[in-house]
Amino acid sequence: MDTTTPITIIADSNIASLDEFFNASTLGQVTGQTVNIITVAGRDINADLLAELQPEILLIRSVTPVGEALLAANKSVRFVGSATIGTDHVDQEYLMTRQITFANAAGCSKHSVAQYVLTAILTLRPQYWQQSITLGIIGLGNIGSSLADYASDLGWQVLGYDPLLPPSDINNASLEQVLSQGDVVSLHVPLTSHKNTDTQHTSNGSDYPTHHLINAETLAMMPAHTMLINSARGPVIQASDLEADIERTNRQVVLDVFEHEPQISERLLSKLAIATPHIAGYTVEGKLRGTQIIYDALCEQLSVTPTQSMQTLLPLNMFLWSELKAHPDRLSKFYDIKQDDSALREKVVDGQVNGADFDQLRRDYHLRREWQS
Ligand SMILES: NC(=O)C1=CN([C@@H]2O[C@H](COP(=O)(O)OP(=O)(O)OC[C@H]3O[C@@H](n4cnc5c(N)ncnc54)[C@H](O)[C@@H]3O)[C@@H](O)[C@H]2O)C=CC1
Ligand SMILES: O=C(O)C(=O)[C@H](O)COP(=O)(O)O
């Protein structure tokens, strides 16, 4: 190994604590190499940039599509890490054909997203602190099952649907039962498409596709009082069908993600009970955990021992779930979701929130803290 050649990394500038995790002392311990880390806005990472800078390592979040279009002309990249749970932006089959290692940050913000959902529900319907409601959960992986734990802590009944997992205490219903019997239905599925019919996301096919899972037909199964929450991916809901449904039923709908993200039409926004700019997972803990997980994976790839730990970077955390449960009136001090909603609505210009403003809200977001158990 030539110790004078730096390890070159291109990284999305929205990844937390990049310099603390990716530097010569954390990555160059074996080879003595320096680290050249170039930070770029995620949407500006493109094939020309990769051709010019020839990075070995690409660190992204959810806004950089990675596949043939980005990498066909590139010979240098050998590791792609996405500091996110979702992987719908990455063509993993293509990376495999190129023998490029891929890592994502499974589970990194599961508590943050579950806490976002609880906050949305209890802000809109504070009476649910005292009631035994039925919470419908679609997708019972890391986030859905964490949400189910909070729900049972509150004495709520869970109706869950996940056709890819075995039946269980929470995986206990059909899709129709969840939609027709839940007081609230929350979506926690990955974005997937029909197997073999998808040209854009070649590695994203599923026997149970979630693209437009919520459409006119499935919305018609939901009583008008049932609140719908989407913090998964925008295209899981057919946006125009949703607008028609809200007009018909006056349903309370909470969206953190949007079919045409990062643009949002004022027409849709005006119909939503709460709207936020894809920040359900944006806590100090959730983002740092995302970085930690891809750092650990990169260390394995480079055969170096991980020496950085997010625990050393975390400020003191005073947010206790037990305190909130005992004092529901403190919810807005734990998370003032209405403030996030107002900040997004203030960005409407000429009938829409434009992409640059949506991205700016996310880039400058004051990260919340994850409530501790
Ligand atoms: N708004 C935000 O800030 C964030 C959004 N997300 C989104 O949330 C999604 C879920 O995250 P995790 O729970 O951590 O993922 P996970 O992979 O742990 O769980 C997803 C679950 O969905 C199930 N599933 C797949 N297709 C289904 C279908 N058709 N119907 C019902 N269930 C289905 C899977 O079997 C799996 O158990 C991510 O893929 C990501 O897109 C994740 C983090 C933050
Ligand atoms: O982890 C995921 O999946 C998410 O949706 C992220 O929390 C979204 O964050 P960005 O990758 O868009 O910063």
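Not measured: the values here are computed from a predicted model.

Notes on the site of ligand 2
Inspection of the region around ligand 2 gives Asn14, Arg61, Ser62, Val63, Thr84, Ile85, Gly86, Ser109, His278 and Gly281 as its neighbouring residues. Class assignment of the residues belonging to the shell around ligand 2 gives a composition of two nonpolar, seven polar and one charged.

Notes on the UniProt feature "binding site: substrate" (unreviewed entry) in the protein
As recorded in UniProt, the feature "binding site: substrate" (unreviewed entry) lies at Ser62, Thr84 and Tyr282. For the annotated residues, spread through 221 residues, the largest C-alpha to C-alpha distance comes to 12.7 Å, consistent with a single compact locus. Among the secondary structure elements, Ser62 is positioned in the loop between β3 (57–60) and α4 (68–71). Discounting chain neighbours no more than four positions away, the residues touching Ser62 are Thr84, Gly86 and His89. Mapped onto the elements of the fold, Thr84 is located in the loop between β4 (79–82) and α5 (92–97). Beyond its immediate chain neighbours, meaning those up to four positions away, Thr84 contacts Arg61, Ser62, Asn104, Ala105 and Gly290.

A word on the sheet that holds strand β11 (residues 227–230)
Read across the open sheet, the six strands follow the order β7-β6-β8-β11-β12-β14; overall the sheet is parallel. The sheet is open, and its two borders are formed by β7 (157–161) and β14 (274–275), each paired with just one other strand. In this structure, strand β6 (residues 134–138) lies alongside strand β8 (residues 184–187), joined through four bridges in parallel fashion. Within β8, the residue paired with Ile137 across the bridge is Ser186.

Concerning the sheet that holds strand β2 (residues 35–40)
The five strands are arranged β2-β1-β3-β4-β5 in an open sheet whose pairing can be described as parallel. Pairing within the sheet leaves two strands with one partner each, and these edge strands are β2 and β5 (101–104). Mean inter-strand twist for the sheet, computed between neighbouring axes without regard to direction, equals 15 degrees. Two elements, β3 and β4, share four bridges in a ladder whose sense is parallel.

Comments concerning the pairing of β6
By the criterion of burial, β6 is predominantly enclosed, with four of the five residues buried. Both β6 and β7 contribute to a ladder of five bridges, which runs parallel. Bridging across to β7, Leu135 finds its partner in Val158.

The rules behind the values
- Residues numbered from 1 in each chain as written.
- Chains lettered and ligands numbered in written order.
- Predicted model: local features only at pLDDT ≥ 70, side-chain atom pairs only at ≥ 80, totals over all residues.
- Near = placed C-beta within 6 Å.
- Nonpolar A, V, L, I, M, F, W, Y, C, P; charged D, E, K, R; others polar.
- UniProt positions renumbered as here; feature names shortened; annotations may be inferred.
- Helix = DSSP H or I, 4+ residues; strand = E, 2+ residues; numbered from the N terminus.
- Contact = placed C-beta atoms within 7 Å.
- Pairing = 2+ DSSP bridges.
- Axes fitted to C-alpha atoms, helices over the stretch in contact; angles between N-to-C directions.
- Buried ≥ 20, exposed ≤ 12 C-beta atoms within 10 Å, placed from the backbone.

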